[in-house]
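In case you want the letters, here they are:
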Protein chains: 2
Amino acid sequence: MIKKRIELARELILENELDAMLITHPASRRYFSGYSPDDGQWGESSGALYLSHTESFLLTDFRYQQTAERECEYVATRIYKRGLAAELADITAMSRVKRMGFEPGGMLWSWYQAIKDTLEGVELVPVKSLADSLRVFKDAAEIKAIEQSLHLMEGVLDKVFAEGITGKTERELALKIARRTEDAGAEGVGFAPIVASGPNGAEPHAEPGPRVIERGDVVIFDVGAKLHGYISDISRTMVAGGLEAADGKFAEVYGTVQRAQNKAIAEIMPGMTGQEADDIARQVITDAGFGENFGHSLGHGVGLMTHEAPSVSPRSDDPLLPGMVFTVEPGIYLPGWGGVRLEQMVELTPAGCRLLNKLDRFYDLSG
Amino acid sequence: MIKKRIELARELILENELDAMLITHPASRRYFSGYSPDDGQWGESSGALYLSHTESFLLTDFRYQQTAERECEYVATRIYKRGLAAELADITAMSRVKRMGFEPGGMLWSWYQAIKDTLEGVELVPVKSLADSLRVFKDAAEIKAIEQSLHLMEGVLDKVFAEGITGKTERELALKIARRTEDAGAEGVGFAPIVASGPNGAEPHAEPGPRVIERGDVVIFDVGAKLHGYISDISRTMVAGGLEAADGKFAEVYGTVQRAQNKAIAEIMPGMTGQEADDIARQVITDAGFGENFGHSLGHGVGLMTHEAPSVSPRSDDPLLPGMVFTVEPGIYLPGWGGVRLEQMVELTPAGCRLLNKLDRFYDLSG
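This one's a predicted model, so the numbers in the text were calculated from it and none came from an experiment.

Colleague: Break down the relation of the copies chain B and chain A for me, with residues and values.
Modeller: Note on the identical chains: chain B maps onto chain A by a rotation of 180° and an axial translation of 0.0 Å, with an RMSD of 0.0 Å. Look at the turn and shift together and you get a two-fold axis relating the two. Most of the interface of chain B is mirrored in chain A: 100% of its interface residues are interface residues there too.

Colleague: Quick one: what's the story with the sheet that holds strand E11 (residues 230–231) of chain A, residue by residue and with numbers?
Modeller: Residue and element names in this part refer to chain A. The antiparallel open sheet is built from 3 strands, whose spatial order is E7-E10-E11. Because the sheet does not close on itself, it has two edges, and the strands there are strand E7 (188–189) and E11. In the sheet, strand E10 (residues 225–227) pairs with E11 via 2 bridges, with the strands oriented antiparallel. The partner of Leu227 across the bridge, within E11, is Tyr230.

Colleague: How would you sum up the packing of aromatic side chains? Please name residues and give values.
Modeller: In total, this model carries 22 aromatic pairs over all chains according to the counting rule given. Between Tyr333 of chain A and Phe62 of chain B the ring centres are 5.8 Å apart and the planes differ by 70°, which places this aromatic pair in the edge-to-face class. A residue pair is termed interchain when its members come from two chains, as with Tyr333 of chain A in strand E16 (residues 331–334) and Phe62 of chain B in the loop between strand E3 (56–60) and helix H3 (65–71). By relative accessible area, Phe62 of chain B is classed as partly exposed at 22%. These aromatic residues form a ring-pair network of at least three members: Phe102 and Tyr112 of chain A together with Trp109 of chain B. In this structure, Arg78 of chain B is placed above the aromatic ring of Phe57 of chain B, and the distance from its NZ or CZ to the ring centre is 5.1 Å. Sitting over the ring of Phe294 of chain B, Arg282 of chain B keeps its end group 4.0 Å from the ring centre.

Colleague: Any chance you could break down the environment of Leu119 of chain A for me, citing the residues and the numbers?
Modeller: Residues and elements named next belong to chain A. Assignment of secondary structure puts Leu119 in the loop between helix H5 (109–118) and strand E6 (123–126). According to the relative accessible area criterion, Leu119 is buried, its value standing at 4%. With 27 residues separating them in the primary sequence, Leu119 and Thr92 have C-alpha atoms 7.7 Å apart.

Colleague: Can you tell me about the confidence of the model for chain A, naming the residues and giving the values?
Modeller: Of all residues in chain A, 100% attain a pLDDT of 70 or more, and the chain-wide mean is 95. We note a pTM of 0.92 for the whole complex and an ipTM of 0.91 for its interfaces.

Colleague: Before we move on, could you go through the nonpolar core and cite the residues and values that matter?
Modeller: Phe221, Phe250, Ile268, Phe326 and Val340 of chain A are the most contacted members of the largest nonpolar core, which has 94 residues in total. No other element matches the 10 residues that helix H7 (residues 140–162) of chain A contributes to this core. What Phe326 of chain A contacts, discounting residues up to four positions off in sequence, is Ile268, His300, Gly301, Val302, Pro310, Val312, Leu320, Gln344, Met345, Val346 and Leu348 of chain A. Among the nonpolar cores identified, the runner-up in size contains 93 residues, and Val195, Val219, Leu227 and Val284 of chain B belong to it.

Colleague: I'd like a description of the sheet that holds strand E4 (residues 76–79) of chain B, backed by residues and values.
Modeller: All names here are of chain B. Sheet architecture is open: 6 strands sit in the order E4-E3-E2-E1-E5-E6, paired in mixed fashion. Of all strands in the sheet, those bounded by a partner on one side alone are E4 and strand E6 (123–126). Adjacent strand axes in the sheet meet at a mean angle of 25° when their direction is disregarded. With 4 bridges joining them, strand E5 (residues 99–102) and E6 adopt parallel strand pairing. Its bridge partner being in E6, Gly101 is matched across the sheet by Val125. Helix H2 (residues 26–33) rests against strand E1 (20–23), strand E2 (48–52) and E3 of the sheet, and its axis sits at about 55° to E2. In this fold helix H5 (residues 109–118) packs onto E1, E5 and E6, with an angle of close to 150° to the strand it touches most, E6.

Conventions adopted
Residues numbered from 1 in each chain as written. Chains lettered and ligands numbered in written order. Predicted model: local features only at pLDDT ≥ 70, side-chain atom pairs only at ≥ 80, totals over all residues. Heavy atoms only, no water. Least-squares fit on C-alpha atoms with pLDDT ≥ 70 in both. Contact = heavy atoms within 4.5 Å. Pairing = 2+ DSSP bridges. Helix = DSSP H or I, 4+ residues; strand = E, 2+ residues; numbered from the N terminus. Phe/Tyr/Trp six-rings, centres within 6.5 Å; stacked < 30°, edge-to-face > 60°. Buried < 20%, exposed > 50% of the residue type's maximum accessible area, 1.4 Å probe, protein only. Lys NZ or Arg CZ within 6 Å of the ring centre and 35° of its normal. pLDDT = per-residue confidence, 0-100. Core = buried A, V, L, I, M, F, W, Y, C linked by side-chain atoms within 4.5 Å. Axes fitted to C-alpha atoms, helices over the stretch in contact; angles between N-to-C directions.

This is how it looks when you write it as C-alpha cells:
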C-alpha cells in the first residue's frame, strides 16, 4: 500500500520536474509513510517526509524516534538535532537537489523561510496539494476503514439517542458521545462533537454549552470518529421528545433539508463539478424559500482529515470522480429558531453515489 | 484587559511602521479579541483578527458569527463570504493600507499567497511573533488562570495515583485522566495525556498504548488541562507498586533528574538566557553521565498554548524576564529501560522562580 503510494508520489515528482518533494502536512505524511503522530499544536511538527527519485526519509526529532522506526516500513527514519532545515540542507546538498516541491497548504510561512534561507541553490516549488491529486481517490482499504469508522459512530449515536436527550445539557451529551466513541474502540473522536440545541442550532459550528435540552427542542448533532486514522462524519437533527413535540416550523424545515439531501444523493454523478453537485441540493432549498439560510457548502471529502478534497461547494470547479468519498450535508439555519442539518457519507462510483451509512434513522418528512 | 492588549498591539504596529496587522494565530487572535474558537483542523481557520490604528475587526465566516459577536467586546465582527483574502482586499483598499504585518508562525504559505495575490499595493511584513513580544508576559489574571488550570490538574492526577496504576493499561489511564479533567470543570485536556510505561518511557512523546502496567514499572505521566483557555503542564514519574518495587537503576536516574530540577528552580534568575537556564539542569545530568540521554529542552513557556515563548533550551538566546511563566522539566531517557521526567511550572519574578505547583508529591531521591 505505502509502497504503491510512494511510487505515485514519485510519478508526481517526475511530472513536476522536481528532484524531491517535502511533505509536511500530517495527513499526507501519514499517507505516504505510515507515520501516525499528529502535530502537537498549531505551528508544531512531529516530522516531515522527504521523497526523491531514489531516497525516502521520515525526518523527525528524538521525541518521536521509536514511533517513526516502528511505523515506517518503507521509509528510513532520520533524526534531526539542529532542526528540519539544517537536516534538509545536508540531504539536498549530498543529493544535489535543485528543485524541491512542497505542499502550500502544509507549510507555515516561517518554515518556508527557514528552509529557503538554509538550503543554498535549491528552488522551492509549490505543488498542488497531494490531498487534491492523490489522497482524494480512496482505495479499497481506505473505504473499508472509513466505513468502519462510520458504522462505529452510527452505533454510538444510535445508543445515545435511545437513552434520551431531554433534560441533558449539550456539553453532557457531547462528552457522552466522545467517551462512548473511545470506548467503542476508536482512537478517539475525529473532531470535537457538536451538539447545538434550540436557537444555538442556528450557528453551524456552535460549541456545546450548558444549555439544558427541553422537550420540543430541535438539536443538531455533528459527530465523527477516528478509527485506523480514518475519520467519519455524521450529522443528525433530533427533536427532544420526538416528532410530536416539534413546533409547526420543524416539519417544513426538516422536510426541505431531507428532500435536498435525497435529491443530491440520487443525482450526483461522476464528471459533475463540486458546484453542479452543490446546486442540486441548493436549488431545492432555494425553491422552498430558504436559500439565504444555507450558508455552507453541500459537502466535503473525508479521509485522514475531516475536511479534505473534493470540495462540494458553490465555488468549486473540481470534477467529482469515482473513488472519491465525501459528505452530503445540506442545512437550514434560522436565527432565533435554530437549525436542521442532515449529513450522510457517500462513495462516488461510476453509477453515482453509494451510501456508506448503514443506519437510516431519519424522520420521514420529505413528503 | 482586551482593550489594553489592543493598545499594546497598536504600539507594535506603530513601532514596525505598519498601517495594520493581521493576526491569524489562534492564541494571539484570542488574546487580542476574546474570540475563543480553535481552528478546526490543520490548515483551517476559524477567523482572523485585523487591527489598524483606528479599526479592529474579527473576520470570520457564517459558521462562527454568533460566537464572534458574543465573545468580542472591543472588536467588530465582519463576516466574509468570498474568503479572508477578498474581505481584506476591501478593508485595506478602503483604509488605504500600504504595509500590513503578519505573524510568520501563524500564517500558512497558501494563505500568504492568496492574500498577496488579492491585495493590490499592500506590502506584507513579517512581524516577530506576538507570542514572543507580548503574550510572553503574563498579567495577574493570566497567572491566576494558569494556576487554576494547574491545581485542577494536580488534583485529578493525585486522585488517579491514589487509585493505583498497577494492572491498568497506558491507554486506560490516559482516558481516565482526560475524563476526570473534563469532569473537574476544565474545557478539556490541554494536550493528549502521555502515559508511557516501562521501555515506552524512553520515548518522550510516546502514545499511550495497550501495554499493561506491572509492579515495578517506571511510568511517565505528562498531562495538562485547559481552563478558561489557559493550559497547565505537569510531568510526574511513578513506580508501579511504589519505591520498594523499583529496580536498582531507578534511584540513580530519578535522583539525578530531581537534583537537576531543584537546582534549576533555585538558580534560574531574570536576565539569564534560555541557554543559561537550561545549562543549570543539563550540567547536573551531564555530570551524572546521562548528558546524551536528555534530548529535549529544559522547558518552555505555557499560556494559551502548551508550548509558547520563552524557550528554555540550549539553542535559545532569549532572555528570561519577570512575568514569564514556563516549565522546568529535565528528563533522562534510556532506550530499553525507560525514562524519568519531572516537570514543574514556575513564574519568573525579580527574585527568581516562584513555583506555581501546589502538590509536591515526589519521591525524595535527590540525596
